[in-house]
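Overview (structure and organization)
Listed here are the chains, written in short residue letters.
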Amino acid sequence: MQYTTGVRKSSRLELNELKSGDYLGKTVQVTGMIHAVRDMGGITFLTLRKRDGVIQCVCGEAIDLNGVCEEAAVEITGALHEEKRAPGGVEIAVEQVDVLSTPSEPMPVPVSKWKLHLNLDTELGLRPVVLRNLRERSVFKIQEGLGRAFREYLQKEGFTEIHTPKIVHAGAEGGSNIFRLDYFGRKAFLGQSPQFYKQTMVGVYERVFEVAPVFRAEKHSTTRHLNEYTSLDFEMGFIDSFEDIMDVETGYLQYAMELLGREYAADLKRLNVVLPCVKQIPCVRFDEAKRLASEKYGRPIRDPYDLEPEEEINIGRYAREEWDSDFVFVTHYPSKKRPFYAMDDPQNPKYTLSFDLLFRGMEITTGGQRIHDYEEQVQKMLQRGMHPEEFEHYLMIHKHGMPPHGGLGIGLERLTMKLCGLDNVRYATLFPRDLNRLEP
């Protein structure tokens, strides 16, 4: 009888161990993928790609390199020594290369190059191999850091992580941008948002969050829209105002930027990312933001109820020039453009206690205070021509008591896109789903 007792310690070292200094002058074993091969005539340099970076390996003429090519999986044995010119400041003087597997055909693109210079369609079609490029990988390491920071910060603030269904009986946002499903002969939809469920769970845990996909059947193809994206959602109870929600998001962003600077420095450097300062974020009312941007940049206001993409760009530009901030909260959106669960401003019901967060001229967050009173919620539904009986389970929480509460949703891909200076949200999406793309 044999038992497993946990993670087995391997004799093969990882990059952080090799860089620690503990193994200098010693013989080490390391596995990885051959990222690049440079034959210098008598000496061959191998760049070995590991899960957290690359290490340089030097082979003399006596080393058997039969079968060694780009994207071969290998195990290398050799002496580790310091080399300041090498990535990470160390390199391996190779004594033996064992080939574990080899590709059956050459790579369609040279992933070892610093920049690939591919058009978007070509890159997305070759995504499974293009992602092996170091700069491409760094985008998603930074994205990992943003998601990790969200979890860590909210857990520290007393939030409970939840997992809500993505097959639902009704859309949370309404409208036509919803994917319909045949659910065993019944009408169902892909969830536009975890809104109903995270509100429900406020009555259970007071503070909840979720990192999960959401689906929007929007028939357009822009640089900022996806039909499936990852939403960082949270909802919190016993708030004094919707400003409490903005404070939590600001705290999250502060934590995220500190974490990225501390633990993702190599990826930031590879992409030339300059982390924004989030010491404080300016807040401006919707109508005031439109007026300020219109007056300064000479663009007339066409839609009094919403922000057009060009207006977002101008408001972001204004925030940078006038308030020295890459972020700006735009508050008090018109009720006409907000969902039925958004709480109206008691001082002027034409507006809501809601906000968007713009980052470098693009909306990355929508949030606000929700209606918690049953009669008030039903009345707003009726005013919008909705049928409350279709939302029986959602309204159950209002019937049986809810605290003042609110929350938000952050588009992870948009946040990654703007942070990394990318010009299309698809570059910040592992395998994008848009109007035309269902694979890979």
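Anyway, here's the lowdown on the structure attached to this text. (Residues numbered from 1 in each chain as written. Predicted model: local features only at pLDDT ≥ 70, side-chain atom pairs only at ≥ 80, totals over all residues. Heavy atoms only, no water.)

1. Notes on the overall build of the chain
The test is simple: Secondary structure counts use DSSP, requiring at least four H or I residues in a row for a helix and at least two E residues in a row for a strand, with both numbered from the N terminus. Burial status follows relative accessibility: with a 1.4 Å probe on protein chains alone, a residue under 20% of its type maximum counts as buried, one over 50% as exposed, and anything between as partly exposed. The contact criterion used throughout is that any non-hydrogen atoms of two residues lie within 4.5 Å. Only the protein chains shown count as cover for residues, and all accessible areas are computed by the Shrake-Rupley method using a 1.4 Å probe. Only four residue types enter the charge count, namely Lys and Arg as positive and Asp and Glu as negative; His and the chain termini do not. Throughout, a charge is located at the NZ atom of Lys, the CZ atom of Arg, the CG atom of Asp or the CD atom of Glu.
Regarding its fold elements, the chain presents 12 helices and 18 strands. Projected onto the principal axes, the alpha-carbon positions of the chain cover approximately 80 × 65 × 40 Å. The proportion of buried residues among the 440 residues of the chain is 52%. Residue pairs in contact within the chain that sit at least 24 positions apart in sequence constitute 64% of those at least 6 positions apart. Of the accessible surface of the chain, which amounts to about 22,200 Å², a share of 50% is contributed by carbon and sulfur atoms. Of the side-chain charges in the chain, 56 are positive and 66 negative, and the distance between the mean point of each set is 2 Å.

2. Here we look at the nonpolar core
Formally: Take the buried residues of types Ala, Val, Leu, Ile, Met, Phe, Trp, Tyr and Cys, join any two whose side-chain atoms come within 4.5 Å, and each joined set is a nonpolar core.
With 55 residues, the main nonpolar core has Leu146, Phe234 and Tyr252 as its most contacted residues. Here the element with the most residues in this core is helix α6 (residues 243-263); it accounts for 9 residues. Not counting residues up to four positions away in its chain, the partners in contact with Tyr252 are Leu146, Ala149, Phe150, Tyr153, Leu232, Ile410 and Leu415. Listed in part, the 21 residues of the second largest apolar core include Val30, Ile34, Ile63 and Leu80.

3. Here we look at the layout of surface pockets
Gaps left between atoms are located by rolling a probe of water-molecule size over the structure's atoms. This is how the line gets drawn: Site definitions follow a grid-based scheme: protein atoms alone, a 1 Å grid, a 1.4 Å probe that fits but cannot get out for cavities, and for pockets an open set with protein on both sides within 12 Å along at least five of seven lines, plus lining residues having an atom within 4 Å of a point. Grid points are joined across faces, edges and corners, and a volume is the space filled by probe spheres set on the points.
Here the second largest pocket defines a volume of roughly 690 Å³. Lining the second largest pocket are 30 residues, with Asp52, Gly53, Ala266, Asp267 and Arg270 sitting closest to its centre. Elements with a minimum of two residues in the lining of the second largest pocket: α1 (15-19), β1 (27-39), β3 (53-59), α4 (134-156) and α7 (265-270). Take the lining of the second largest pocket: its biggest share by element is 7 residues, from α4.

4. Brief notes about the sheet that holds strand β9 (residues 186-190)
Sheet strands line up and pair through hydrogen bonds in the backbone, either parallel or antiparallel. To be explicit about the condition: At least two bridges found by DSSP between two strands are what make those strands a pair.
Spatial ordering of the open sheet is given by β7-β9-β8, a layout of 3 strands whose pairing is antiparallel. At either end of the open sheet lies a strand with only one pairing partner, and these are β7 (167-168) and β8 (180-183).

5. Brief notes about the pairing of strand β2 (residues 44-50)
Most of β2 sits inside the fold, with 7 of its 7 residues counted as buried. Where burial is concerned, the two faces of β2 agree: the one with Thr44, Leu46, Leu48 and Lys50 and the one with Phe45, Thr47 and Arg49 are both buried. Relative to β2, β1 is paired through 6 bridges, and the arrangement is antiparallel. Bridge pairing links Met33 to Arg49 in β2. The hairpin turn running from β1 into β2, its antiparallel successor, is 4 residues long, and Gly41 in that turn takes a positive phi close to 75 degrees. In this structure, β2 lies alongside β3, joined through 7 bridges in antiparallel fashion. From the neighbouring strand, Thr47 faces β3, where its bridge partner is Gln56.

6. Observations regarding the pattern of salt bridges
Our working definition: A carboxyl oxygen of Asp or Glu within 4 Å of a side-chain nitrogen of Lys or Arg is what we treat as a salt bridge.
A full pass over the atoms with the stated rule returns 41 salt bridges. The partner of Glu123 in a salt bridge is Arg127, and the shortest N-O contact between them spans 2.9 Å. Exposure remark for Glu123: the relative accessible area of 4% places this residue in the buried category. Judged by relative accessible area, which is 0%, Arg127 ranks as buried. Across the salt bridge formed by Arg127 and Glu136, the nearest N and O atoms sit 3.4 Å from each other.

7. Quick word on empty space enclosed by the protein
Where we set the bar: Residues are grouped as follows: nonpolar covers Ala, Val, Leu, Ile, Met, Phe, Trp, Tyr, Cys and Pro; charged covers Asp, Glu, Lys and Arg; every other residue, Gly included, is treated as polar.
Going through the model one piece at a time under the given rule, you end up with 1 cavity of 30 Å³ or more. By volume, the largest cavity is sized at about 40 Å³. Taken together, the residues of the lining of the largest cavity break down into 6 nonpolar, 2 polar and 1 charged.

8. Comments concerning the packing of helix α8 (residues 286-297) against helix α9 (residues 309-323)
Rule in force here: Interaxial angles span 0 to 180 degrees and are taken between N-to-C directions of axes, which are lines fitted to C-alpha atoms, for helices over the stretch in contact. The cut-offs work like this: below 35 degrees is roughly parallel, past 145 is roughly antiparallel, 65 to 115 is roughly perpendicular, and the gaps in between are oblique.
One way to put it is that α8 packs onto α9 with a least axis distance of 9 Å and a crossing angle of 80 degrees. Between α8 and α9, the interaxial angle falls into the category roughly perpendicular. Seen from α8, the contacting residues are Ala289, Lys290, Leu292, Ala293, Lys296 and Tyr297; seen from α9, they are Glu311, Asn314, Ile315, Arg317, Tyr318, Glu321, Glu322 and Trp323. When grouped by side-chain class, the residues that make up the contact of α8 with α9 number 7 nonpolar, 1 polar and 6 charged.

9. As for the side chain of Glu17
Put simply, the test is: As used in this structure description, the phrase polar contact means that two N or O atoms lie within 3.5 Å; if the pair is within protein, one of them must be able to donate a hydrogen and the other to accept it, and residues adjacent in sequence are counted only when both atoms belong to side chains.
Within the secondary structure, Glu17 is located in helix α1. There is a polar contact of 3.2 Å between the side chain of Glu17 and the side chain of Lys9.

10. A look at the packing of helix α5 (residues 195-205) against helix α11 (residues 392-399)
Cut-off, in case you're wondering: A crossing counts as left-handed when the near helix is turned anticlockwise from the far one by less than a right angle, and as right-handed when that turn is clockwise.
Relative orientation of the contacting elements α5 and α11 amounts to 25 degrees, with a least axis distance of 10 Å. In terms of their interaxial angle, α5 and α11 are classed as roughly parallel. The crossing of α5 and α11 is left-handed. Contacts between α5 and α11 involve Phe196, Gln199 and Thr200 from the first element and Tyr394, Ile397 and His398 from the second.

11. Section: the side chain of Glu123
Topologically, Glu123 is positioned in helix α2 (residues 120-125). Ignoring sequence-local partners within four residues, the contact set of Glu123 consists of Leu118, Val130, Glu136 and Tyr427.

12. Quick notes on the environment of Gly88
Among the secondary structure elements, Gly88 is positioned in the loop between β4 (73-82) and β5 (90-101). A sequence separation of 25 residues divides Gly88 from Ile63, and the C-alpha atoms of the two residues are 24 Å apart.

13. Overview of the pairing of β4
Judged by how many residues are buried, β4 sits mostly within the fold: 7 of 10 residues are covered. With 7 bridges connecting them, β1 and β4 associate as antiparallel partners. Each residue of the ladder has a partner; that of Thr31, found in β4, is Glu75.

14. Describing α4
Rule in force here: Under the convention used throughout, the expected extent of a helix is 1.5 Å for every residue step, that is, one less than its residue count.
Along its 23 residues, α4 runs 32 Å from first to last C-alpha, staying within 8% of the 33 Å computed at 1.5 Å per residue. Sitting at the head of α4, Asn133 places a side-chain oxygen 3.0 Å from the backbone nitrogen of Arg135. Positioned one or two residues after α4, Gly158 has a phi angle of 90 degrees, which is positive.

Any functional reading would require information that these geometric values do not contain.
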